[in-house]
Amino acid sequence: MATIPASALANRNKKHFLGVPAPLGYVAGVGRGATGFTTRSDIGPARDANDVSDDRHAPPATKRKKKEEEEEDDEDLNDSNYDEFTGYSGSLFSKDPYDKDDAEADAIYESIDKRMDEKRKEYREKRLKMDLEKYRQERPKIQQQFSDLKRNLVEVSEEEWQMIPEVGDSRNRKQRNPRAEKFTPLPDSILSRNMGGETSSTLDPRSGLASMVPGINTPGMLTPTGDLDLRKIGQARNTLMNVKLSQVSDSVAGQTVVDPKGYLTDLQSMIPTYGGDINDIKKARLLLKSVRETNPNHPPAWIASARLEEVTGKIQMARNLIMRGCEMNPQSEDLWLEAARLQPADTAKAVIAQAARHIPTSVRIWIKASDLEDELKAKRRVFRKALEHIPNSVRLWKAAVELENPDDARILLSRAVECCNTSVELWLALARLETYENARKVLNKARENIPTDKQIWTTAAKLEEANGNIHMVEKIIDRALVSLSANGVEINREQWFQEAIEAEKSNAVHCCQAIIKAVIGIGVEDEDRKQTWIDDADNCAKENAYECARAVYAHALQIFPSKKSIWLRAAYFEKNHGTRESLESLLQKAVAHCPKSEILWLMGAKSKWLAGDVPAARGILSFAFQANPNSEDIWLAAVKLESENQEFERARRLLAKARASAPTPRVMMKSAKLEWALNKLDAALNLLEEAVKVFPDYPRLWMMKGQIEEQQKKPDLATETYGLALKKCPTSIPLWLLMAKVEENRGALTKARSVLERGRLRNPKTSLLWLAAVRIELRAGFKDMANTLMARALQECPTAGELWAESIFMENRPQRKTKSVDALKKCEHDPHVLLAVSKLFWSEHKIQKCRDWFNRTVKIDADLGDAWAYFYKFEQQHGTDAQQQDVLHRCIAAEPKHGEEWCRASKNIANWCFKTQDILLTVAKEAKCPN
């Protein structure tokens, strides 16, 4: 056998990878599972064999950069910043840009956190309270620990209490014993004497008395080298005491010299009134000082400096500054006036006198001088002196005249108009003080001096009217317009209307009418005249200038005598703001120019009827018949007049003639209603059966027929009638409601629901049908069903005020306020919602708020009778008699016609003769107080 050499054997046993560089990513021991351990500075475990990157052989710069990045990341991603629930406290994406999406996401997360925090708030507070109680039980306060011992103190006797040592030095425990031995220090006179009776001013430290003086033979204290001079010690002590006592008392009687009342006042005066920063004050001082030094002739700088010192409480410095400013600028009236304001009253007079010497032509300074005087005589003297220097100052003349009696004022004004002949006010003031003849002369002179002022002309017109010369008023106004136009004055229509309103307020009625007549056509195009004049009349009425409005209507009716709309507006104006006589006079003219206007005839007849003149009303209606034969409105007005006056036979005859000559649905309905009201039910039914054949699409005829059959206790016939009616008039909501009510009264609740369901299908988005369905469920006791229906109803009719008003009181009391807020958001100006809110305040006994909301309701819709009825009932319970009468009169003037409860009373055939007042009292009596 061949022998293998040792070198070959060694090469054979040698591994092939020895001496070869380690492959990329190699970590010793990974193959056999011997992984390296990690330290706090490492990130993650030892690298695996399949790792790609290895920076061990990287260049030093790369390693250094990598290390800096790792250290930067370690600040956020280390164990100290890690929480088990929230993770790392640092931001993982802090280097990324913060854009709009990030802001939106943060806002969403913040709102979610806030919402979650609110949901957990109650539980968190409860948990905190429990933890606090538990902590107090485990670790009670010291006060609680010793509470039992403190209760035992009641058993301690007075002697035991006195024996308790005081809190203090444990080496000298004094006991609370009043009978304990007390020591009193000896006076200096005894200490200064020798034991043998000789007087000495020193004390021998070796004597026994030395122990009585502090600091003698006391360990730790300095001992004098020589004898102790007691007299000097006593003198020094007395001197120190005298100094202290002299600050608060005198040396004679020992009484205090401190004023207890003025002390706090003096302290208050030392407190600066300025509450800002002291540095701001210093900066302002420096700035203003620089301005003063740069330009000492600038008055505002001196005034600002003085006011700064005044604000900071340094009034004397402010006075000094302002006086220096006056010396530098003696011609500045602002500086002198500011100086007078800062000075006391006596000094201010001297300052103003000095100012008047420097600026004798300053009106403000003379008026200030007058204000500083207390006596009337002195004020007059100041103004006389001022007028010598400034004779053309209107302001000074007016101020001087105001201080005089009428005779002296007239003399002064005579001189004033000579000096100030262009002042309208002075001329007019003089005219008012003169007699009629002299006033005319004064006004003529004023017109000569001031030919461009309209006020002089209107004053002259008022003067003539006040003295009975009515024919001169219109001439003066016409002449005024010609003269002003000739002098280049623009005739402004609005200004002249305002002048007319002022004339009416001063009771110059003819003057205001003349002005309106003269200027009403100026600057108005022919095609715009009617609307412009109607707007003018409305504006005058808003200003409470009723005579001006009458003048506008009178002129408009002269130009447009056949315009029915203008006659109607004028008639309504007289009805609201005039008298019965003026209204009837206007209506007589109206029907003469517009005989075909039925409403004008009816207004005239109603006015006579309300005045109790029935024959005159009949006469007007007879003339109306002649002008408008076969007019339905006039026929029915005549029937109403007779029936209201208990003339039923005449009313029947009139209705028979009307049916023969003008057979309209309303005439048939009124005929049947008269028979029904007189309890002639069979005759009424015969008329209605005849009427529904001729007018099958008029729902009121069917309704009356069904109601009469219900009154006769024939529900089957009523149901049949309503069924036929709904085939002819499927869009009539009252018919659906009446049929559902009949079915409900018969106990057929399912049929009633079915009727309303069919009605809603035929008439979608009808709130009254939904409301009836909800109320049926409530009356039947199915509140959950009612709430479900109400929710569906509000979805289909979100702006229906009737539904929202009902839903408010369907809620429990705590939720009603929230519901009312939702209702007001949806239907802010709906009268039903406002009425419900008023009743809600009533139930909460908020009287004034309730009254305000009732007023708001009737103002928004004066035709809602329910609001007036509840308002009146509220005032009956919580208001005075005057407030009740106010509501009653306002309701009668409004003449409401609508409202669920109002119509239930007014449509009741038993109340067919009721007037507005009777219906109001009936509804208010039956109305239920909200709860």
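Scroll up to find the structure this text is about.
About the thresholds
Residues numbered from 1 in each chain as written. Predicted model: local features only at pLDDT ≥ 70, side-chain atom pairs only at ≥ 80, totals over all residues. Heavy atoms only, no water. Patch = residues over 30% accessible without salt bridge, like charges linked within 9 Å, V, L, I, M, F, W, Y side chains within 5 Å. Areas by Shrake-Rupley, 256 points an atom, 1.4 Å probe, with all protein chains shown as cover. Salt bridge = Lys/Arg side-chain N within 4 Å of Asp/Glu carboxyl O. Lys, Arg positive; Asp, Glu negative; His and termini not counted. Charge placed at Lys NZ, Arg CZ, Asp CG, Glu CD. Helix = DSSP H or I, 4+ residues; strand = E, 2+ residues; numbered from the N terminus. Buried < 20%, exposed > 50% of the residue type's maximum accessible area, 1.4 Å probe, protein only. Phe/Tyr/Trp six-rings, centres within 6.5 Å; stacked < 30°, edge-to-face > 60°. Contact = heavy atoms within 4.5 Å. Axes fitted to C-alpha atoms, helices over the stretch in contact; angles between N-to-C directions. Parallel < 35°, antiparallel > 145°, perpendicular 65-115°, else oblique. Left-handed = near helix turned anticlockwise from the far one by under 90°. Nonpolar A, V, L, I, M, F, W, Y, C, P; charged D, E, K, R; others polar.

Trainee: Looking at this structure, how should I read a positive patch on the surface?
Mentor: Taken together, the side chains of Lys 640, Lys 670, Lys 673, Arg 700, Lys 897 and Lys 907 present a region of like positive charge at the surface. Among the secondary structure elements, Arg 700 is positioned in helix H35 (residues 699-711). Of the residues examined, Arg 700 reaches a relative accessible area of 44% and is grouped as partly exposed.

Trainee: What should I look at first to understand the packing of aromatic side chains in this one?
Mentor: Here the distance between the centres and the angle between the planes together describe a pair of aromatic rings. In total, this model carries 10 aromatic pairs according to the counting rule given. With a centroid separation of 5.8 Å and 50° between ring planes, the pair formed by Tyr 553 and Phe 573 is classed as tilted. One end of the pair, Tyr 553, is in helix H26 (residues 546-559); the other, Phe 573, is in helix H27 (residues 564-577), and 20 residues separate them in sequence. By the burial criterion, Tyr 553 is buried, and Phe 573 matches it.

Trainee: Would you explain the side chain of Arg 447 in this entry?
Mentor: With respect to the element layout, Arg 447 can be found in helix H20 (residues 436-449). Within the buried core, Arg 447 has no salt-bridge partner, and the shortest N-O distance to an opposite charge, that of Glu 448, equals 7.6 Å. Setting aside residues up to four positions removed in sequence, Arg 447 forms contacts with Ile 456, Trp 457 and Ala 460.

Trainee: Just checking my understanding: could you explain the pattern of salt bridges for this structure?
Mentor: Charged atoms that come close allow side chains of opposite charge to pair. Inspection of the entire model under this criterion finds 43 salt bridges. A salt bridge links Arg 666 to Glu 632, with the shortest nitrogen-to-oxygen separation between them at 3.4 Å. Taken together, the positions of Arg 666 in helix H33 (residues 665-677) and Glu 632 in helix H31 (residues 632-644) put the pair 34 residues apart, joining distant regions of the chain. A residue is classified by how much of its surface remains accessible, and Arg 666, at 32% relative accessible area, is partly exposed. A single network of salt bridges, built from pairs that share partners, joins Arg 307, Glu 310, Glu 338 and Arg 341.

Trainee: How should I be thinking about the packing of H27 against helix H28 (residues 580-593) in this particular structure?
Mentor: The description of two packed helices rests on the angle between their axes and on the distance between the axes. At a closest axis distance of 9 Å, the pairing of H27 and H28 adopts a crossing angle of 170°. By the angle class used here, H27 and H28 are roughly antiparallel. The interaxial crossing formed by H27 with H28 has left-handed handedness. Touching Trp 567, Ala 570, Ala 571, Glu 574 and Lys 575 of H27 are Ser 582, Leu 583, Leu 586, Leu 587, Lys 589, Ala 590 and His 593, all from H28. Here the residues of the contact of H27 with H28 are counted per class, giving seven nonpolar, two polar and three charged.

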